[in-house]
Amino acid sequence: MRLLLINGPNLNLLGTREPSLYGSTTLEAIQLDLSESAKVEGIQMEYFQSNFEGALVERIQQAIGVFDGILINAGAYTHTSIALRDALLGSKIPYVELHLSNIYAREAFRSKSFLADKAVGVISGFGTMSYQLALQGLLAYLRQTSEIS
């Protein structure tokens, strides 16, 4: 099984960007932690981060036929990007939306997600643990659907 983690704008600054809100763990450390979990689960993980919407769309399109699932922290594009939504829907790859902070306890504009209604699930507000929870949720979904098929 192959999974792709996509991180959107400004997530490359994790560890230094607003640590009171996002914590002090770097994106690289989060990915290393996920790699360890993936190894235990016997799955392959790949990682992609970009500050550019078009690059994120292209990476989703390149994932078609290659990956079984996507974990996505689209950052601010969660609340603005119909292009990301369309790419995810067009890919037909199951995905989990995730966020470090509780987007529903922040500014009102952050409570609207263009991705959530078609996601397998949404994880929000658990800091770096959001990535692990999203991984476990997506794995459970993919394993269940493969048993049913």
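Structure: above.
These lines cover the structure that appears in this document, whether it is placed above or below. This structure is a prediction, so every number in the text was calculated from the model and none was measured.

**Considerations on the overall build of the protein chain**
What the protein chain contains, in helices and strands, is five helices and five strands. If one aligns the C-alpha atoms of the protein chain with their principal axes, the spans along those axes are about 40 × 30 × 25 Å. For the protein chain, the proportion of its 149 residues judged to be buried stands at 43%. Across the protein chain, the fraction of contacts at a sequence separation of at least 24, relative to all contacts at a separation of at least 6, is 76%. Carbon and sulfur atoms make up 53% of the accessible area of the protein chain, which totals about 7,400 Å². The positive charge centre, built from 11 side chains, and the negative charge centre, built from 14, are 4 Å apart in the protein chain.

**A short note on the packing of aromatic side chains**
Geometrically, a pair of aromatic rings is defined through the distance of the ring centres and the angle of the planes. Evaluated as defined, the whole model comprises zero aromatic pairs. Of note, Arg-2 hangs over the ring of Phe-67, and the distance from its end group to the ring centre comes to 4.7 Å. Taking NZ or CZ as reference, Lys-112 lies 5.3 Å from the ring centre of Phe-114, over its face.

**Some thoughts on the nonpolar core**
Ranked by size, the top nonpolar core spans 21 residues in total, and within it Leu-3, Met-45, Leu-71, Tyr-131 and Leu-135 carry the most contacts. Contributions of two or more residues to this core are made by strand 1 (2-7), helix 2 (27-41), strand 4 (95-99) and helix 5 (129-148). The dominant element in this core, judged by the number of residues it contributes, is helix 5, at six residues. Apart from the residues lying within four places of it in its own chain, the contact partners of Tyr-131 are Leu-5, Asn-7, Leu-11, Leu-27, Ile-30, Leu-34, Asn-73, Leu-98 and Leu-100. Core analysis: the next-biggest nonpolar cluster, separate from the first, contains 18 residues, Leu-56, Val-57, Ile-70 and Tyr-95 among them.

**Topic: the environment of Tyr-77**
Summarising the element assignment, Tyr-77 is placed in the loop between strand 3 (69-73) and helix 4 (82-91). The exposure class assigned to Tyr-77 is buried, which follows from its relative accessible area of 16%. When the C-alpha atoms of Tyr-77 and Val-66 are compared, they prove to be 24 Å apart, with 11 residues separating the residues in sequence. Contact partners of Tyr-77, with chain neighbours within four places excluded, come to Pro-9, Asn-51, Phe-52, Glu-53, Leu-56 and Leu-84.

**Topic: the side chain of Ser-81**
Residue placement: Ser-81 occurs in the loop between strand 3 and helix 4. By relative accessible area, Ser-81 is classed as buried at 0%. Among the polar contacts made by the side chain of Ser-81, one reaches the main-chain amide nitrogen of Ala-83 at a distance of 3.4 Å. From its side chain, Ser-81 meets the backbone nitrogen of Leu-84 in a polar contact 2.9 Å long. Each residue touching Ser-81, except ones within four places of it in the same chain, is listed here: Glu-53, Phe-114 and Leu-115.

**Some points on the sheet that holds strand 2 (residues 44-49)**
One key point about sheets: their strands pair by backbone hydrogen bonds, in either a parallel or an antiparallel sense. The strand order 2-1-3-4-5 describes an open sheet built from five strands, whose pairing is parallel. Either end of the sheet is taken by a strand with one partner, and the two such strands are strand 2 and strand 5 (121-124). Here the average twist between neighbouring strands, direction ignored, is 20°. Where strand 4 meets strand 5, four bridges bridge the pair, whose relative direction is parallel. Within strand 5, the position partnered with Leu-98 by the bridge is Ile-123.

Analysis parameters
Residues numbered from 1 in each chain as written. Predicted model: local features only at pLDDT ≥ 70, side-chain atom pairs only at ≥ 80, totals over all residues. Heavy atoms only, no water. Helix = DSSP H or I, 4+ residues; strand = E, 2+ residues; numbered from the N terminus. Buried < 20%, exposed > 50% of the residue type's maximum accessible area, 1.4 Å probe, protein only. Contact = heavy atoms within 4.5 Å. Areas by Shrake-Rupley, 256 points an atom, 1.4 Å probe, with all protein chains shown as cover. Lys, Arg positive; Asp, Glu negative; His and termini not counted. Charge placed at Lys NZ, Arg CZ, Asp CG, Glu CD. Phe/Tyr/Trp six-rings, centres within 6.5 Å; stacked < 30°, edge-to-face > 60°. Lys NZ or Arg CZ within 6 Å of the ring centre and 35° of its normal. Core = buried A, V, L, I, M, F, W, Y, C linked by side-chain atoms within 4.5 Å. Polar contact = N/O pair within 3.5 Å; in protein donor to acceptor, adjacent residues only side chain to side chain. Pairing = 2+ DSSP bridges. Axes fitted to C-alpha atoms, helices over the stretch in contact; angles between N-to-C directions.

Structural measurements only, silent on function.
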